[in-house]
Amino acid sequence: MNPLNHVAIIMDGNGRWGMKYKNSRNAGHKAGLNTVEKIIKETIKNKIKYLTLFAFSTENWKRPKKEIDYLFNLLENFLLNRIEDLHKKKIKLKILGSKKFSPKLNKLLNNSEKKTSKNSKLQINLALNYGSKSELINAFKKIKKNKKAITEKNIDINLQTKKIPDPDLLIRTGKTKRLSNFLLWQLAYAEIFFEKKLWPSFNEKDYNRIIKEYKKIKRNFGKI
Ligand code: FPP
């Protein structure tokens, strides 16, 4: 059976779910946050050490301001209300992406990372204002500046995901089959599962079914 250390998730379909059931995209984001909570619990139950969630891409700034404001408000409240409990559960929070938000949110994100930095039960990487191409460009720039060779190891250690093992499993909900500029380097050998359900409808049972299927796969990493 395959070990499973790191699950990455593209949580797609909030908007469609919200329009379908509540006639509001933002209601879909709110419901999506409930799924986040369920999946965190289930990740701990499955003794998985890393969970990376794509919450906001660099491309998502093109959305209407009202939706962007709603999403960041949701995030702010989530951190304010839940960080103490996450900390108690020994969860470490790390932000991937560039923190170019309001001073209030930047401070909250930094404080949440700092508070939980020594925890080791589960590390949640929240990708916010994240784009993989820009992460790679920054890594190459750092390598050039330090006059180092372009090697796999030097790229790895100059990415924001340094010290984090690559994801073993990527799940994308919401029917669409694409990577959307998410962890392009790190997903090189990940097993990918595209799930038809929209993120707010995705549940523990779906997650465990995928994990079970993943564990049965023969992972060759290029060998035979
Ligand atoms: C993609 O669905 C989802 C997002 C851009 C935001 C993800 C946010 C959450 C799950 C809730 C907040 C999470 C935290 C951790 C506070 P979409 O809106 O692109 O869906 P669509 O494809 O149906 O339009």
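Quick look at the structure, then. (Residues numbered from 1 in each chain as written. Predicted model: local features only at pLDDT ≥ 70, side-chain atom pairs only at ≥ 80, totals over all residues. Heavy atoms only, no water.)

## Looking at the overall build of the protein chain
Along its length, the protein chain carries 7 helices and 6 strands. Along the chain direction, N to C, the helices and strands of the protein chain fall in the order β-α-α-β-α-β-α-β-α-α-β-β-α. The C-alpha radius of gyration of the protein chain comes to 17 Å, within 12% of the 17 Å expected for a compact globule of 224 residues. Expressed along its principal axes, the backbone C-alpha trace of the protein chain runs to roughly 50 × 45 × 35 Å. Out of the 224 residues in the protein chain, the part that is buried amounts to 48%. By sequence separation, contacts in the protein chain at least 24 residues apart represent 74% of the contacts at least 6 residues apart. For the protein chain, the accessible area works out to roughly 12,700 Å², and carbon and sulfur atoms hold 54% of it. (Helix = DSSP H or I, 4+ residues; strand = E, 2+ residues; numbered from the N terminus. Rg over C-alpha atoms; globule rule 2.2 N^0.38 Å. Buried < 20%, exposed > 50% of the residue type's maximum accessible area, 1.4 Å probe, protein only. Contact = heavy atoms within 4.5 Å. Areas by Shrake-Rupley, 256 points an atom, 1.4 Å probe, with all protein chains shown as cover.)

## Focus: the pairing of strand β2 (residues 50-57)
Of all 8 residues that make up β2, 7 are buried, and the element is covered over most of its length. Strand direction decides the pairing type here: strand β1 (residues 6-10) and β2, joined by 5 bridges, are parallel. Its bridge partner lying in β2, Val7 is registered against Leu51. (Pairing = 2+ DSSP bridges.)

## A short note on the packing of aromatic side chains
Evaluated as defined, the whole model comprises 12 aromatic pairs. Ring centres of Phe54 and Phe182 lie 4.4 Å apart, and the angle between their planes is 10 degrees; on these two criteria the pair is classed as stacked. Pair noted here: Phe54 is in strand β2 and Phe182 is in the loop between β5 (169-172) and β6 (191-194), with a separation of 128 residues, a long-range link. One exposure class covers both Phe54 and Phe182, and it is buried. Summarising the aromatic geometry, the rings of Tyr189 and Phe221 are spaced 5.7 Å apart at their centres and angled 50 degrees between planes, so their arrangement reads as tilted. Pair noted here: Tyr189 is in the loop between β5 and β6 and Phe221 is in the segment after α7 (204-216), with a separation of 32 residues, a long-range link. Taken together, the ring pairs connect Phe56, Trp61, Phe72 and Phe101 into an aromatic cluster. (Phe/Tyr/Trp six-rings, centres within 6.5 Å; stacked < 30°, edge-to-face > 60°.)

## Notes on a positive patch on the surface
Residues Lys47, Lys49, Lys90 and Lys121 make up a contiguous surface patch of positive charge. Secondary-structure assignment places Lys90 in the loop between α3 (65-88) and β3 (91-96). (Patch = residues over 30% accessible without salt bridge, like charges linked within 9 Å, V, L, I, M, F, W, Y side chains within 5 Å. Salt bridge = Lys/Arg side-chain N within 4 Å of Asp/Glu carboxyl O. Lys, Arg positive; Asp, Glu negative; His and termini not counted. Charge placed at Lys NZ, Arg CZ, Asp CG, Glu CD.)

## Details of the site of the ligand
Taken together, 17 residues lie near the ligand, and Asp12, Gly15, Arg16, Arg25 and Arg63 sit nearest. Contacts to the ligand include Arg16, whose backbone N or O atom sits 2.7 Å from an oxygen atom. Here the ligand, which alone exposes 630 Å², has 92% of that area covered by the protein. When contributions to the shell around the ligand are tallied by element, the ones reaching two or more residues are α1 (14-22), α2 (25-45) and α3. Tallying contributions element by element places α2 first for the shell around the ligand, with 4 residues. Looking at the shell around the ligand residue by residue, the class counts come to 7 nonpolar, 6 polar and 4 charged. (Near = heavy atom within 4 Å. Polar contact = N/O pair within 3.5 Å; in protein donor to acceptor, adjacent residues only side chain to side chain. Nonpolar A, V, L, I, M, F, W, Y, C, P; charged D, E, K, R; others polar.)

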